[in-house]
Every structure is written in C-alpha cells, then in structure tokens.
Amino acid sequence: MPTIATTLTLGLVLPTASYIIYNWYIYPFFLTPLLKIPGPNPNLNPFEIDSNETGMTELAQIKEYKSNIIRGFGFFNKPFVFVASPTGIKRVLGTHAHNYTRKTLGYNLLRSFFGPSLLVSNGDDHKRQRAIANPAFTLKNLVKYIPTFISSARETQQSWNILFTSGTSVVVLDIAEEISKPTLDIIGRCAFDYEFNSVSNNTSDFYLWITTLNKQFDPKHILEDMIPITKYIIPSVWQRHVKLNKAKEDIRRFAIEMIERKKDEILSRANDLSQDVNKVHDLMTLLLEANINAEAKRTLDQDELVAQTLLFVTAGHETTSTATTFALDFLAKHQSVQNKLRQELIKDMPQQDDDPPVQYITSSSTYLDAICKETLRLSPPFPQTPRLSETDDWIDGYFIPKGTRIITSAATNGRLEEFWGEDVLEFKPERWLQPNADSTTIGPFIPFSYGIQNCIGQKFAEWEMKTLVAILVRSFEFSPVEGHTFRKALGAVQKPVPNLMLNVKRVE
Ligand code: HEM
C-alpha cells in the first residue's frame, strides 16, 4: 500500500513541480514562438517585478533592440508582446480589434470590482453597449456641459481664495487632492445630475462607497484578488472582502434607485408635449433613453446599467483629475510656459471673473490645447492598454500565438524619439502648434487609445481639463515646493504618490 508521503508526492507535488518547471522555465526559455521577436530573455528569477515607471523599461528595450515590437517576460515568466509600431497598434486596436480582447487579468479584476461595463466588454457585447452609450457622447451634447465645468472650476477658485484672506501671499496645496474635488463634482453633475458636494466638503455616502472601492483596486492586493480562497484563510483579507462587498451592495442599491427614478422621468417627459428641447440632460438619462428606445435584444440589462453608473464615476473622475494635476505641475516647473499661457488667457478673459468662451475651450489650435496635449503625451493617466490574442495572428511579420498578452502603451509611444524628435523628453507645448503636428497620428499619441474601443469620453475630458486649467491659471500662479518629490504609481490610473504639492499665489 502506498504511504501518505508517496501519494502526496505522486498526486500533488510532482504535477505542481512539473507545471512550474514547464511554465516558468522550459516554455519561456526554449519553446515559445515569441523568442523570434527581438527582446530580453526570460528571468532566472520568475518573481522579478519591474518597478520602473510604467512603459519606461520597454522604452529602453525598444532603443536597445532597435525594434518597435519586442517580446518580454512578466511575473512567473509569462511572455508578452509589446507593440509600439503604428502598423502593429493599428492592427491590435483597430482593424483586428475583434481578435485582441480585454480578457486580461487587469480587466477581469475591473469586471469583478465594477461590473460588466462598457470598459471591460468585448466583441458584440461591446458593440451593443457602445451603441447605447454613443448618443450621450455626441459633441453637440458634450458642449452643453461646458457651463458646468466653468461653475465647478469657479467653486474651486473661490474655495482657494478664502485661504488668502489672512494676509498670506502663498499657500501650499496638495493639488492632486484639490483637483480631484471639482472633477468629482463635475462627473456627478454631468453624468447623473447628482451632487457629490466635494468642493464644499459635504461628502456624500455615494462618494464614500466609491472611494472604498477605488482604494481597494490596487496592485498591492493583486494576489488575494487572483486567489479568492485567501479570503477564507487570512482574517485581514476576509475583513477587506466584507468591506468591499458592503460598498458594492450599497452602490448597487443606490444606482438601481437612481436608474428607476430617471426612467420614470424619461417616460413622463415623453408624454409632456411642452418639454424644452434645449434642456441639458445628464449622460445617464441619455443612455437610459437610448436603452428604452432600442430593440429588445440590443438593450442593457440591470447589471450592465449599474456597471455603467460606476464606470462613469471611475473612468470620468480620476482620469481627468490626474491629467489636470499633472498639467498644473508641468506649468509650475515651466514658468515661461505658464506666463505665455496666462497672456493668451488674458486676451480671452480680460477680467479674472470673465468666463472662458466656449469656442476657446473647444478650439484645438490654442496654446492651452497644446499644453493639455503635451501633458497627456508625457503623463497619460492610462499609460498602457493590454489585450489578449484570441486566435493565432501575425503582427509586423512576427507570429503571435493564440493566448498571447499584447501591450500597447501611450506612455512609451509618447516618448519615442523617432516620432517626436531629439527634444522628446522636454515639456514643449509649441510642438503642437507646428503646421504638421497631427494629434490623431496613430502610434505616437494614444492617451485615449485608438479604434472601436477608444475613450468615448475624450472630448468631455479634454474640454473639462482645459476649462479647469484656464480658470485656475487665470487666477493663480503655480510654482514647485522646494524639496517636494513624488513618484507615478499605477492603480486604476497612473497618479502622483504620495501627493503632489505646489505653491499657489493669487494673480494680482
Ligand atoms: C484625461 C482623461 C481620460 C483619459 C486619458 C481616458 C483614457 C481612456 C482610454 C485609454 C480608454 C481605453 C481603454 C481600453 O481600451 O481598454 C478609455 C475608455 C473609456 N473611457 Fe476614458 N479617459 C479619460 C476620461 C474619460 C471620461 C471623462 C469619461 C466619461 C465621462 C470616460 C469614459 C470612458 C469609457 C466609457 C471608456 C470605455 C469605452 C469603450 O470601451 O468603448 N473617459 N478611456
């Protein structure tokens, strides 16, 4: 009779050891067809984690291997392919997007946290969801939100003004924290006609639940999220699980109530012949209206509607908030750019309390626009977009087997010398005012991604960012705080950690 030790060795230890040796060493070192692609070798230590700023290791490798497509090996030596060439990006995110899905670990975790939203959907599911969301994101509708961007920026200006009343000439502010307030208020007002009251510090329950969820969506918890059994073994993981579930349930209840209320409003509006056609409707109302009018088999179910609620807050808040924060940081570090911008602003807003004209905000040929693009080039909130190949394919002449993780990166491509020139690392908004500057060129500039799954909120984000920068720079001067440093850390978006402090002085 076999002893317990023999049974364990044969039944458990041997298969596990074979799995590890094959997947961590034999396949990546000798068998993967990706070895034909230029790039570094697998790691002898398969637990090695890249701690550089996202996309910077690959940037160095692109230079080293003189190739815009490189292979790499991640945690546990899992192979991936990094695609930086315009032809490769066009194939992965554009022409063959159906073959490169979001079924990656990161998106699976996003789905488990935030539900089956547009951001994590694929194929026909994505097409159906996007068709329902599209009417809310037309330029004609988005332009109606600019007055809300303006009033939220003014509230921030006023809340900062109060800090100067006691004769103080300079205040030091955590800009990341400060900017996250109006951007949350803006998404609440424009997406749901809901008041987060963030600038006035009247924090709502909805905000607290969402913060709980966002804070826990962090790479430091990745192992426990990947291995669900840990929550039954480790008490602290269980406590986190309970807290998260409670937040999810509260958000779900809140979202369902809001959705039902809005549906009633839409139906009663449909029967009201005296309705005002110019009324500004929030994004969720427009999405629900499209859903009510869609063919039954194309509609979103309740889970999907709840997930869009959360998506609008998460995709629409932290992204614009970090982008605006980094813009102010770049301006603080480049005083001549800041002064030049203020001169442009004074022309369109001669008095400090003059609002920026709508055409100024929507124009893509201003210095303000160039500053925002330059910020997104060097500090994109979503530094990379991962995908999974669903079938065998070829990219730039290299064979890509089914199941390969593909990464495209706005952070890397924004720093490729061959596209941007020798001054690639300089913050130089003037590059966008050259006659041949083309922000839509595929490859070099992809902070909003590209193709059928690109950012649906791009114009919302750009106009919101420009409004905030215009009003704040017209009223305040920003400069660096001596000795203050931060690093860029990747959670749901890439943001400054632990914070981003700047000196703020009133423009006289
Ligand atoms: C500077 C701000 C923003 C940046 C850099 C940004 C970037 C992106 C990127 C890179 C994607 C593609 C992700 C992927 O392909 O997997 C995306 C998707 C998306 N974004 Fe944004 N975003 C921003 C602001 C916003 C805002 C303000 C909203 C909503 C009001 C929004 C809503 C969405 C949605 C719904 C998707 C999913 C689109 C789809 O899959 O069809 N984003 N965003």
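Here, the structure is the one placed above.
One structure accompanies this document, and this report is about it. All values derive from a computational prediction rather than experimental measurement.

1. A short note on the site of the ligand
Within the structure, the ligand sits among 28 residues, and Tyr107, His126, Arg130, Arg387 and Cys455 are positioned closest to it. In the model, an oxygen atom of the ligand is placed 2.6 Å from a nitrogen or oxygen of the histidine 126 side chain. Between the ligand and arginine 387, the relevant distance is 2.7 Å, taken from an oxygen atom to a side-chain nitrogen or oxygen of the residue. Listing elements by their share of the shell around the ligand, those giving two or more residues are helix 5 (123-133), helix 14 (302-333), strand 5 (384-389) and helix 20 (458-475). The element best represented in the shell around the ligand is helix 14, accounting for six residues. In terms of residue class, the shell around the ligand is built from 16 nonpolar, nine polar and three charged.

2. Observations regarding the sheet that holds strand 5
Strand order in this open sheet of five strands is 1-2-8-5-3, and the pairing throughout is mixed. The open sheet has two edge strands with one neighbour each: strand 1 (69-73) and strand 3 (100-101). With two bridges joining them, strand 3 and strand 5 adopt antiparallel strand pairing. Its bridge partner being in strand 5, threonine 101 is matched across the sheet by leucine 388.

3. Digging into the sheet that holds strand 12 (residues 501-506)
Spatial strand order, 4-12-9: three strands in an open sheet with antiparallel pairing. Of all the strands in the sheet, just strand 4 (170-174) and strand 9 (476-480) have a single pairing partner and so form its edges. The average undirected angle you get between the axes of adjacent strands in this sheet is 35°. In this structure, strand 9 lies alongside strand 12, joined through five bridges in antiparallel fashion. Along strand 12, the bridge assignment pairs glutamate 477 with lysine 505. The strands that helix 7 (residues 146-161) touches are strand 4, strand 9 and strand 12; relative to strand 9, the one it contacts most, it runs at about 70°. Contacts from helix 20 reach strand 9 and strand 12 within the one sheet, and its direction differs from that of strand 9 by about 90°.

4. Some remarks on the environment of asparagine 68
Within the secondary structure, asparagine 68 sits in the loop between helix 2 (56-65) and strand 1. Taking C-alpha positions, asparagine 68 is 5.1 Å from serine 85, a pair spaced 17 residues apart along the chain. Non-local contacts of asparagine 68, meaning those with residues more than four positions away in its chain, are made with Ile62, Phe82, Val83, Ala84, Ser85, Leu416 and Glu418.

5. Examining the packing of aromatic side chains
A full pass over the atoms with the stated rule returns 23 aromatic pairs. An angle of 5° between the planes, with centres 4.9 Å apart, marks the rings of tryptophan 24 and phenylalanine 76 as stacked. Of this pair, tryptophan 24 sits in helix 1 (residues 4-31) while phenylalanine 76 sits in the loop between strand 1 and strand 2 (79-83), and the two are 52 residues apart along the sequence. Assessed through its relative accessible area of 15%, tryptophan 24 is described here as buried. The class of phenylalanine 76 is partly exposed, set by a relative accessible area of 29%. With a centroid separation of 6.3 Å and 45° between ring planes, the pair formed by phenylalanine 29 and phenylalanine 30 is classed as tilted. Given the relative accessible area of 25%, phenylalanine 29 is considered partly exposed. Classification of phenylalanine 30 as exposed rests on a relative accessible area of 63%. Between the NZ or CZ atom of lysine 340 and the centre of the ring of tyrosine 367, over which it lies, the distance is 4.5 Å. Directly above the aromatic system of phenylalanine 326 lies the positively charged group of lysine 488, at a separation of 5.3 Å from the ring centroid.

Rules behind the numbers
Residues numbered from 1 in each chain as written. Predicted model: local features only at pLDDT ≥ 70, side-chain atom pairs only at ≥ 80, totals over all residues. Heavy atoms only, no water. Near = heavy atom within 4 Å. Polar contact = N/O pair within 3.5 Å; in protein donor to acceptor, adjacent residues only side chain to side chain. Helix = DSSP H or I, 4+ residues; strand = E, 2+ residues; numbered from the N terminus. Nonpolar A, V, L, I, M, F, W, Y, C, P; charged D, E, K, R; others polar. Pairing = 2+ DSSP bridges. Axes fitted to C-alpha atoms, helices over the stretch in contact; angles between N-to-C directions. Contact = heavy atoms within 4.5 Å. Phe/Tyr/Trp six-rings, centres within 6.5 Å; stacked < 30°, edge-to-face > 60°. Buried < 20%, exposed > 50% of the residue type's maximum accessible area, 1.4 Å probe, protein only. Lys NZ or Arg CZ within 6 Å of the ring centre and 35° of its normal.

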